[in-house]
Amino acid sequence: MSVDQGRAGLVLTGGGARAAYQAGVLVAIRELRGKRAGNPFPILCGTSAGAINAVALAVHAGDFSRAVLHIQRVWRGLHVDQVYRVDPLTLFGSGLRWGSALFAGWLVRQTPRSLLDNAPLKGLLERVLDLTAIEPSIERGDLYAVSVTASGYSSGESLTFFQGSSQLEPWRRAQRLGLRSTLDVAHLMASAALPFVFPAVKINREYFGDGSMRQLAPVSPAIHLGADRILVIGVGRTAEEGRMRVAGAYPSPAQIAGHALSSIFLDTLEVDLERLARINETVSRLDARQRLAAGIALRSIECLVIQPSQRLDTIAARHAHELPPQLRLVLRGLGTLRRDGSTLLSYLLFEPGYIRALIELGYHDALARAAELRRFLRID
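Procedures and definitions
- Residues numbered from 1 in each chain as written.
- Predicted model: local features only at pLDDT ≥ 70, side-chain atom pairs only at ≥ 80, totals over all residues.
- Heavy atoms only, no water.
- Helix = DSSP H or I, 4+ residues; strand = E, 2+ residues; numbered from the N terminus.
- Buried < 20%, exposed > 50% of the residue type's maximum accessible area, 1.4 Å probe, protein only.
- Contact = heavy atoms within 4.5 Å.
- Areas by Shrake-Rupley, 256 points an atom, 1.4 Å probe, with all protein chains shown as cover.
- Core = buried A, V, L, I, M, F, W, Y, C linked by side-chain atoms within 4.5 Å.
- Phe/Tyr/Trp six-rings, centres within 6.5 Å; stacked < 30°, edge-to-face > 60°.
- Axes fitted to C-alpha atoms, helices over the stretch in contact; angles between N-to-C directions.
- Parallel < 35°, antiparallel > 145°, perpendicular 65-115°, else oblique.
- Left-handed = near helix turned anticlockwise from the far one by under 90°.
- Nonpolar A, V, L, I, M, F, W, Y, C, P; charged D, E, K, R; others polar.
- Pairing = 2+ DSSP bridges.
- Right-handed = clockwise from strand over helix to strand, strands pointing away.
- Salt bridge = Lys/Arg side-chain N within 4 Å of Asp/Glu carboxyl O.
- Expected span 1.5 Å × (residues − 1).
- Arc of directions from axis to C-beta.

When helices and strands are tallied, the chain shows 16 helices and ten strands. Counting only residues that meet the buried cut, the chain has 53% of its 380 residues in that class. For the chain, contacts bridging at least 24 residues in sequence account for 77% of all contacts bridging at least 6. Total accessible area on the chain is roughly 17,800 Å²; 55% of this is exposed by carbon and sulfur atoms.

Below is the structure:
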C-alpha cells in the first residue's frame, strides 16, 4: 500500500448474533475487490462478537478472499448449541441458581455467574481459529495490527489488547487503555461476554466482560494503531432502535435487558462518530503550519459507516420459531418472544435462518453503497 493512500482500518462493533450482518458486508467487499491480492484492511479492530470477526480476518490476513469465505461458512453453519448450552438440564440448573440467589441468597451465599453457559463457543473458536497465524502475518507485512477490546469489571476501564508492528506503543486515556498482548481465545471470550448473559473471563488478575461496556470511543483503537481511514460496520440503527412504541403493559425483563444492550452497543458509537466529524471539521480549517503553531496534534480521518437498513429485532421475531423448544420456553417467560420484535432475541438467535437473513442484508446494504466503498478501498 502506498504512503499517500494511508492505512485503512476496519472497526467491527459488537452484538452477539447480530455480528452475522458484518459477514454479509465483507462478502460484498470481497466481490467489489475482485481478484485483487493483499489485505485491504491492515488494521483490524473488533469488540464483542465483532472481535471474533476481526481476529478471523487477521488469521488469514494474507488472503482476504479466503478469510471472508471462512467467516461466512462458519456463520452460516451456526446453531445456538454451538454458542451456548441449551439442554434442559443446563437451563433448569441456571434457573435454579438464579432463583436460589434471589430468594435464599443469605443462605446459599453463591452468586450465579451468568444466565447462559457459553462454553461451546470456546470450543468452536479453538477449532476454527489458528491464532498462532497472526504473528507471522505481521512479520510478513500482511497485517499491521489487530485489536480486541474488553471491559474490566474491577478497574472499570476499557482495555484494548492489541498485537501488531513493533513500532506501535501502548496508550492510556481517560478510562481507556491500550496494551500489547499475544491474542488468544480468552481475549475473544472476554470481549464477547454479554453482561448477565455470559460469564466474565479472567485475564491476568482481572475479570473482563463485553468490550462494548464502558467503551467511550469505539473508533479510537484504530486511530491509535495508525489508521488514516476507517470503515465501521455497525450492527444496529440507533435512531430506530430507540424509537418509542405505544405504551402498553409494564416492560418485560427482556425489554429492559434489550434497552440496556442497545445503550451499550449503539449509543457510544454514534457519539464517537459525531466527535470524529467535529475533529475532522476543525482540522480541515487549519493547514499543517497552523496546527503545528497551535500545538494541535490531530489529523483528519476519513470514515465510512455501514449499518443495517432494517431493524434486526423485527427480523429476529420472524425466526424465533427456529430456537430449541426448551429455550423458547425460557425466553417466553422473560417476555422475549414478541411479534413486533425483541432486541434481546436479536442478540441470542444463533440459528441458520436468522443468520442467513442478516448476511443477505449486510451483502445488499454494502452493494447499495458500492460507489462509496470503491472510493474508500481505492478501487478504480
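Within the largest apolar cluster, 94 residues are counted, with the highest numbers of intra-cluster contacts made by Phe41, Val55, Trp75, Tyr84 and Leu231. Ignoring sequence-local partners within four residues, the contact set of tryptophan 75 consists of Gly16, Ala17, Ala19, Ala20, Ala23, Asn53, Phe350, Ile355 and Ile359.

Throughout the structure, instances matching the rule amount to six aromatic pairs. Summarising the aromatic geometry, the rings of tyrosine 84 and phenylalanine 198 are spaced 5.9 Å apart at their centres and angled 45 degrees between planes, so their arrangement reads as tilted. With a gap of 114 residues between them, tyrosine 84 in the loop between α3 (64-76) and α4 (88-108) and phenylalanine 198 in the loop between α7 (185-191) and β7 (201-203) connect regions that are remote in the sequence. In this structure, tyrosine 84 and phenylalanine 198 share a single accessibility class: buried. When the centroid spacing of 5.6 Å and the interplanar angle of 75 degrees are considered together, the rings of phenylalanine 161 and phenylalanine 208 count as edge-to-face.

Another point: the packing of helix α1 (residues 20-33) against α3. Where α1 meets α3, the axes come as close as 9 Å, and the angle between the chain directions of the two elements is 150 degrees. Overall, the two elements α1 and α3 adopt an arrangement that is roughly antiparallel. Of the two elements, α1 crosses α3, and the hand of that crossing is left-handed. Residues Ala20, Ala23, Leu26, Val27, Ile29, Arg30 and Arg33 of α1 form the contact with α3, whose own contacting residues are Phe64, Ser65, Val68, Leu69, Ile71, Gln72 and Trp75. A class-by-class count of the residues in the contact of α1 with α3 yields ten nonpolar, two polar and two charged.

Next up on the list: unusual backbone geometry. Residue glutamine 175 is not a glycine yet carries a positive backbone phi of 60 degrees. Positive phi, close to 70 degrees, is recorded for phenylalanine 196, a residue that is not glycine.

Before going further, it helps to spend a moment on the pairing of strand β2 (residues 43-47). Taking burial as the measure, the five residues of β2 include five buried ones, the bulk of the element. Side-chain alternation along β2 places Ile43, Cys45 and Thr47 on one buried face and Leu44 and Gly46 on a second face that is also buried. Here four bridges tie strand β1 (residues 8-12) to β2, and the two strands are oriented parallel to one another. Directly across from leucine 10, in β2, lies its bridge partner leucine 44. In the classification by handedness, the crossover that spans β1, the intervening α1 and the parallel β2 is right-handed.

It is worth spelling out the environment of valine 59 at this point. Among the structural elements, valine 59 can be located in helix α2 (residues 49-59). Given the relative accessible area of 8%, valine 59 is considered buried. Sequence-wise, valine 59 and leucine 129 are 70 residues apart; in three dimensions their C-alpha atoms are separated by 7.0 Å. Contact partners of valine 59, with chain neighbours within four places excluded, come to Leu129, Asp130, Leu131, Ala133, Ile134 and Ser137.

Glancing now at the packing of α2 against α3. Viewed as axis vectors pointing N to C, α2 and α3 meet at an angle of 140 degrees, and their least axial separation amounts to 8 Å. Classified by the angle between their axes, α2 and α3 sit oblique to one another. In the crossing of α2 with α3, the sense of the turn from one axis to the other is right-handed. Between α2 and α3, the residues in contact are Asn53, Ala56 and Leu57 and Phe64, Ala67, Val68, Ile71 and Trp75, respectively. Here the contact of α2 with α3 is built from residues that sort into seven nonpolar, one polar and no charged.

On inspection of all chains with the given rule, the structure shows seven salt bridges. The shortest N-O distance in the salt bridge between arginine 311 and aspartate 313 comes to 2.7 Å. With relative accessibility at 1%, the residue aspartate 313 sits in the buried group.

A word on helix α15 (residues 352-368). Along its 17 residues, α15 runs 24 Å from first to last C-alpha, staying within 8% of the 24 Å computed at 1.5 Å per residue. Check the buried side of α15 and you find it contacts α1, α3, β10 (302-306), α12 (312-318), α14 (343-348) and α16 (370-377).

Here the focus is the side chain of glutamate 351. Within the secondary structure, glutamate 351 is located in the loop between α14 and α15. With residues up to four places along the chain from it excluded, the contact list for glutamate 351 reads Leu78, His79, Val80, Glu322, Leu323 and Pro324.

What follows concerns helix α5 (residues 119-128). Regarding α5, the residues found buried are Pro120, Leu121, Leu124 and Leu125. What you see down the axis of α5 is that its buried residues fit within an arc of 135 degrees, all on one side. For α5, the elements touching its buried residues are α2 and α7.

You can see glutamine 215 is positioned in the loop between β8 (206-209) and α8 (220-224). Note on glutamine 215: relative accessible area 5%, which makes it buried. Sequence-wise, glutamine 215 and threonine 268 are 53 residues apart; in three dimensions their C-alpha atoms are separated by 7.0 Å.

So, about the pairing of strand β9 (residues 229-233). For β9, the buried fraction is high: five of the five residues fall into the buried class. Both faces of β9 are covered, namely the face carrying Arg229, Leu231 and Ile233 and the face carrying Ile230 and Val232. As judged from the five bridges shared by β1 and β9, these two strands associate in the parallel manner. Counted as the bridge partner of leucine 10 is leucine 231 from β9. By the bridge criterion, five bridges tie β9 to β10 in an arrangement that is parallel. Bridge pairing in β10 links arginine 229 to glutamate 302.

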